[in-house]
Amino acid sequence: MMENVIELKQVHKSFPNFQVKDLSFSVKKGFVTGFIGGNGVGKSTTIKMLMNLLQPDAGTISIFGMNYNKHEKEIKQRIGFVYDENVFYEQSTMLDMRSIMKSAYAKWDDELFHYYVKEFELPIKQKIKSFSKGMMMKASLALALSHHAELIIMDEPTSGLDPIFRRELLDILHSFMQDGEKTIFFSTHITTDLDRIADYITFIHNGELMFSKEYYQIEEEYAIIKGATELLDRDTEKEFIAIRRSNHGFEALTSNKAQASHLFGDSVLLEKPSLEDIMYYTKKGAEGGAAINT
Amino acid sequence: MLQLIRKDVMLQKNTLLIMLPLLVVYIALNASATILSGVLFTIAITMQAFMLDEKRQIHILFNSLPYTRKEIVTSKYIGVFCFTGLVLLTILIANLVIHGESPTWKELLFILCLTTLFFSFSLPFSYRFKSQYLLFASIGTFAAYLVVINVFIPNLHDLIREVVAFLLAMEQVQLYVLVGCALVIVYILSWLLSIRIYEKKMF
């Protein structure tokens, strides 16, 4: 039985014009889970609830098997966080922030901090607000990784970073995962990052969970089907999450590759969908019927 | 929680290095208004510390660190006394060095009482709204005060001076205890209210 580091059960959170509905999923210890979805579908809200910056209206959230009501400090001692905005004092330097973080965490490790500072080539006496976006991300990472956190929660860490730095970041995270004891949960809408690092994918849309699966499982279950429009009728359309029609035929996403393959046989082309394909078709499918005409 | 208070003092290092010498200069120039200067300097320094933490991003930072919201609020309420203490100490030493006499303990106590009273109201207000609105609230209060002076009680200033002089001349220990207790209760209620407000905040 694999251990869950994060467990959400039927979490609800309502805002005047948006809500997270009946959200349940778990994050496994020792793996990287990518949290995907479009803009404004509830990713940041969920991350804020995981950090106890927001409290759910209903449902339970447990982290390391504990809840925030009773164990807020114990939980947060074991989490490292990275946000996509600068959450540090404007006038502060890395050294100032180090002393603030150091006094907060029981397991703060100066040696580790200086290792990361050196590795990331960060100027510790320069004001953080003068850092570039990439340096800022490295600074956040150095501060998040220096207290031997077991769980790293990141909100859109790769957004706004150039491709080279995104790769570097993924390498850093990769080496962080080496001992098998650490867990990473991060949201992103740049799904190509996940190909390189994610073991699990949790996908939400409009505040609802679409799925939470192992990466390889998605590849086994989902497929893009391409074929002639004549193949589509009321029965066959039911097989798809959404369909895109064009003059050349149709393109559709199925979550049951085996059945679709059985149904259409050699008359269609089966392709491996990217996460972007899955997000795109799921959004279209949720918006209104399965049909998309282009 | 001690870490949070220490952090506030550390971050105010520069402000303190400017404000406290300024207070000394003020005392050297004008020895009579000890209470007023003490109260104003304490408020200025403490509010500066409060405003620095008022940004949404800083709330996110401290709420993500292993602190509870209760601790974050409590640290501010204790911090008030640290800053008041620093100001009182400066007043005491400056007066002793410059004028060769210390202010009466009653004056110092009076400063403590007034700042306690001020923060009892301004801290929950700042947590609920934002401290920048405190300026508007103060201007409103000041306007009301001017109206009161001009229209209703023309000799309000003299009255206040008399009341202050009367209070400072008081020898009844019981009264001091009573006022002290009342203030402690107001401050504790204010603290509990701020915690309630802050626990419901969303960032």
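Computed from a predicted model, the values in this text were never measured in an experiment. (Residues numbered from 1 in each chain as written. Chains lettered and ligands numbered in written order. Predicted model: local features only at pLDDT ≥ 70, side-chain atom pairs only at ≥ 80, totals over all residues.)

Q: Looking at this model, I keep getting lost on the overall build of chain B. Mind explaining?
A: Secondary structure summary: chain B contains nine helices and zero strands in total. Each helix and strand of chain B, placed in order from N terminus to C terminus, yields the pattern α-α-α-α-α-α-α-α-α. Taken over the C-alpha trace, chain B has a radius of gyration of 18 Å; the compact-globule value for 203 residues is 17 Å, and the two agree within 12%. Expressed as lengths along the three principal axes of its C-alpha atoms, the size of chain B is roughly 50 × 40 × 35 Å. Buried positions account for 28% of the 203 residues belonging to chain B. Within chain B, contacts between residues separated by at least 24 positions form 83% of all contacts whose residues are at least 6 apart in sequence. (Helix = DSSP H or I, 4+ residues; strand = E, 2+ residues; numbered from the N terminus. Rg over C-alpha atoms; globule rule 2.2 N^0.38 Å. Buried ≥ 20, exposed ≤ 12 C-beta atoms within 10 Å, placed from the backbone. Contact = placed C-beta atoms within 7 Å.)

Q: What should I look at first to understand the overall build of chain A in this one?
A: Tallying secondary structure elements over chain A gives 11 helices and 14 strands in all. Dimensions of chain A along its principal axes, counting C-alpha atoms only, are 65 × 40 × 40 Å. Evaluated residue by residue, chain A yields a buried proportion of 40% over its 294 residues. Long-range contacts, defined as pairs at least 24 residues apart, comprise 70% of the intrachain contacts of chain A with a sequence gap of at least 6.

Q: Honestly, the sheet that holds strand β2 (residues 18–28) of chain A in this entry has me stumped. Any pointers?
A: In a beta sheet, neighbouring strands pair by backbone hydrogen bonds and run either parallel or antiparallel. All names here are of chain A. With antiparallel pairing, the three strands of this open sheet are ordered in space as β2-β1-β4. Edge positions in the open sheet fall to β2 and β4 (58–63), since each of these has one partner strand only. Between one strand axis and the next, the sheet turns by 15° as a mean value, whatever way the strands run. Of the strand pairs in this sheet, strand β1 (residues 4–15) and β2 are connected by eight bridges, and their pairing is antiparallel. (Pairing = 2+ DSSP bridges. Axes fitted to C-alpha atoms, helices over the stretch in contact; angles between N-to-C directions.)

Q: So what exactly am I meant to see when it comes to the packing of helix α6 (residues 105–128) of chain B against helix α9 (residues 173–199) of chain B here?
A: A pair of packed helices is characterised by two quantities: the angle between their axes and the separation of those axes. Residue and element names in this part refer to chain B. Between α6 and α9, the shortest axis-to-axis distance is 9 Å and the interhelical angle comes to 15°. Between α6 and α9, the angle is such that the two are roughly parallel. As for the relative orientation of α6 and α9, their crossing is left-handed in sense. Note on element contacts: α9 touches α6 through V179, L183, V186, Y187, S190, L193, S194, I197 and Y198, opposite C113, T116, L117, S120, L123, P124, Y127 and R128. (Parallel < 35°, antiparallel > 145°, perpendicular 65-115°, else oblique. Left-handed = near helix turned anticlockwise from the far one by under 90°.)

Q: When you look at the confidence of the model for chain B in this model, what are you seeing that I'm missing?
A: Note: predicted coordinates in regions of low pLDDT should not be interpreted at a detailed level. Residue and element names in this part refer to chain B. Taken over all residues, the pLDDT of chain B has a mean of 84, while the share at 70 or more is 98%. When mean pLDDT is compared element by element in chain B, helix α4 (residues 56–64) scores highest at 91, while helix α8 (residues 156–169) scores lowest at 74. Both scores are given for the predicted complex: the pTM is 0.83, the ipTM 0.85. (pLDDT = per-residue confidence, 0-100.)

Q: Whenever I open this one, the interface of chain B and chain A confuses me. Can you help?
A: When the parts come together, some accessible area is lost, and that loss is often what is quoted as the size of the interface. The partner chain A presents 18 residues to the 15 residues of chain B that form the contact. Breaking the side of chain B that touches chain A down by element, the ones donating at least two residues are α1 (2–11) and α4 of chain B. If one sorts the elements of the side of chain B that touches chain A by residue count, α4 of chain B sits on top with six residues. When grouped by side-chain class, the residues that make up the side of chain B that touches chain A number eight nonpolar, five polar and two charged. (Nonpolar A, V, L, I, M, F, W, Y, C, P; charged D, E, K, R; others polar.)

Q: What should I look at first to understand the environment of M10 of chain B in this one?
A: When you line up the elements, M10 of chain B lands in helix α1. Taking the C-alpha atoms as reference points, M10 of chain B and A49 of chain B, separated by 39 residues in sequence, lie 9.9 Å from one another.

Q: Please explain the sheet that holds strand β3 (residues 32–36) of chain A as it appears in this structure.
A: Residues and elements named next belong to chain A. Read from one edge of the open sheet, six strands run β5-β6-β7-β3-β8-β9, paired in mixed fashion. At either end of the open sheet lies a strand with only one pairing partner, and these are β5 (79–82) and β9 (208–214). Here the average twist between neighbouring strands, direction ignored, is 15°. As paired strands, strand β6 (residues 151–155) and strand β7 (residues 183–188) are joined by five bridges and run parallel to one another. Of the residues in β7, the one forming a bridge with I153 is F185.

Q: Would you mind showing me how to read helix α7 (residues 131–152) of chain B here?
A: Over its 22 residues, α7 of chain B runs 30 Å from end to end, which matches the ideal 32 Å to within 8%, given 1.5 Å per residue. For α7 of chain B, the tally of buried residues reaches only zero of 22 residues, placing the bulk of the element at the surface. (Expected span 1.5 Å × (residues − 1).)

Q: Honestly, helix α5 (residues 133–145) of chain A in this entry has me stumped. Any pointers?
A: The periodicity of an α-helix, 3.6 residues per turn, causes residues three or four positions apart to be oriented the same way. Under the 1.5 Å per step criterion, the end-to-end length of α5 of chain A is 18 Å for 13 residues, consistent within 8% with the ideal 18 Å. Here α5 of chain A lies mainly inside the structure; 10 of its 13 residues are buried.

Q: Honestly, the pairing of β9 of chain A in this entry has me stumped. Any pointers?
A: The two faces of a sheet get side chains in turn, since along a regular strand they alternate between them. All names here are of chain A. Bridge analysis of strand β8 (residues 200–205) against β9 gives six bridges, and the strand direction is antiparallel. Paired with I204 across the two strands is L209, which belongs to β9. The hairpin turn running from β8 into β9, its antiparallel successor, is two residues long, and N206 in that turn takes a positive phi close to 45°.

Q: For this particular structure, what's the right way to read the packing of helix α2 (residues 13–29) of chain B against helix α3 (residues 34–52) of chain B?
A: All names here are of chain B. Contact geometry of α2 with α3 gives a least axis separation of 11 Å together with a crossing angle of 170°. Between α2 and α3, the angle falls in the class roughly antiparallel. Across the interface between the two elements, T15, L16, M19, L23, Y26 and I27 of α2 pack against S37, F41, A44, I45 and Q48 of α3. For the contact of α2 with α3, the per-class residue count stands at eight nonpolar, three polar and no charged.

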